[in-house]
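Architecture at a glance
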Amino acid sequence: QTEFQVTDTAQLVLATEPAATSETLFFAVILSLMLGTLHWVVKKNKLGTGLYAAVGVLIIAPLNGVIWMAYHALRYSGQEKSLFAVFTFGFAGAILPILTGSILLWWLLHQFNNLMQSANSIFSDEKIILVTLAVVMSLIIVWIILFLRKKSRTRVDQVSLEGVQE
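Computed from a predicted model, the values in this text were never measured in an experiment. (Residues numbered from 1 in each chain as written. Predicted model: local features only at pLDDT ≥ 70, side-chain atom pairs only at ≥ 80, totals over all residues. Heavy atoms only, no water.)

In terms of regular secondary structure, the chain is built from 5 helices and 0 strands. Counting helices and strands in the order they occur from the N terminus, the chain gives α-α-α-α-α. Counting every position in the chain, which comprises 166 residues, the buried fraction comes to 23%. At a minimum sequence separation of 6, the contacts of the chain that also span at least 24 residues come to 65%. (Helix = DSSP H or I, 4+ residues; strand = E, 2+ residues; numbered from the N terminus. Buried < 20%, exposed > 50% of the residue type's maximum accessible area, 1.4 Å probe, protein only. Contact = heavy atoms within 4.5 Å.)

Inspection of the secondary structure puts Asn113 in helix α4 (residues 104-122). The spatial distance from the C-alpha of Asn113 to the C-alpha of Phe89 is 9.3 Å, given a sequence separation of 24 residues.

Time to look at the confidence of the model for the chain. Chain-level pLDDT for the chain is 82 on average; 86% of the residues reach the 70-or-more range. Helix α5 (residues 125-147) is the least confidently modelled element of the chain, averaging 78 in pLDDT, while helix α2 (residues 49-71) averages 92, the highest of any element. (pLDDT = per-residue confidence, 0-100.)

In total, this model carries 7 aromatic pairs according to the counting rule given. Summarising the aromatic geometry, the rings of Phe26 and Phe27 are spaced 5.1 Å apart at their centres and angled 80° between planes, so their arrangement reads as edge-to-face. Of the residues examined, Phe26 reaches a relative accessible area of 44% and is grouped as partly exposed. For Phe27, a relative accessible area of 0% corresponds to the buried category. An aromatic cluster is built from Phe26, Phe27, Trp68, Tyr71, Phe89 and Trp106, whose rings are joined through pairwise contacts. (Phe/Tyr/Trp six-rings, centres within 6.5 Å; stacked < 30°, edge-to-face > 60°.)

Close contact between helix α3 (residues 80-100) and α4 brings their axes to 8 Å; oriented N to C, the two are set at 150°. Relative to α4, the element α3 is oriented roughly antiparallel. Note on element contacts: α4 touches α3 through Leu105, Trp106, Leu109, His110 and Asn113, opposite Phe89, Gly93, Leu96, Pro97 and Thr100. Along the lines of polarity and charge, the residues of the contact of α3 with α4 split into 6 nonpolar, 4 polar and no charged. (Axes fitted to C-alpha atoms, helices over the stretch in contact; angles between N-to-C directions. Parallel < 35°, antiparallel > 145°, perpendicular 65-115°, else oblique. Nonpolar A, V, L, I, M, F, W, Y, C, P; charged D, E, K, R; others polar.)

Ranked by internal contacts, the top residues of the largest apolar core, which has 18 residues, are Leu31, Leu35, Leu38, Tyr52, Ile60, Trp68 and Trp106. Among the elements of the structure, α1 (8-44), α2 and α3 are those that each provide at least two residues to this core. (Core = buried A, V, L, I, M, F, W, Y, C linked by side-chain atoms within 4.5 Å.)

In this section: unusual backbone geometry. Even without being a glycine, Lys46 presents a positive backbone phi close to 50°. Locating Lys46 in the fold gives a position in the loop between α1 and α2. Lys46 sits in the exposed class, given a relative accessible area of 76%.

Looking at the secondary structure, you find Gln111 in helix α4. For Gln111, a relative accessible area of 13% puts it in the buried group. Not counting the four nearest positions on each side in its chain, Gln111 is found in contact with Thr16, Glu17, Ala20 and Thr21.

Relative to the helices and strands, Val57 is located in helix α2. On a C-alpha basis, the gap between Val57 and Leu96 in space is 9.9 Å, while along the polypeptide they are 39 residues apart.

Glancing now at a nonpolar patch on the surface. The grouping of Val136, Met137, Ile140, Ile141, Val142, Trp143, Ile144, Ile145, Leu146 and Phe147 at the surface amounts to a nonpolar patch, some 910 Å² of accessible area in total. Checked against the element boundaries, Ile141 lands in helix α5. (Patch = residues over 30% accessible without salt bridge, like charges linked within 9 Å, V, L, I, M, F, W, Y side chains within 5 Å. Areas by Shrake-Rupley, 256 points an atom, 1.4 Å probe, with all protein chains shown as cover. Salt bridge = Lys/Arg side-chain N within 4 Å of Asp/Glu carboxyl O.)

Next comes the structure, spelled out in structure tokens:
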């Protein structure tokens, strides 16, 4: 019989990756359906983006938190603090796509959450602090590169169609 060994790093990666991506994509579909329906109602009735953001933050985000909490009820049953943390995570996870229009920040938050939760059970406290600082600094650098870099972008509706034949 051959025994296989899984290193601490491999255990950390395997505990983080499959769950974070699959859960985020699952809830992204549900959130997209809710936000898409809201967007359709707002556009159809010409209600404005302020109402879209308000309903998204005040109704859809808490609803996403409740759905997220229900999904994790078996894992954290009887642990009110953990279920509240899951609700808060689901709420924040819905706020990020509403405000930014992208699911990527929620996915990164979920990856980081699962990474730190798994690392806390594998490594010592000192290593967790160093890893956390390294990841946070890396995310800050990525954020600076992506969001603060100014690009000159040409909008499609501003492009001249001269020379295009019908």
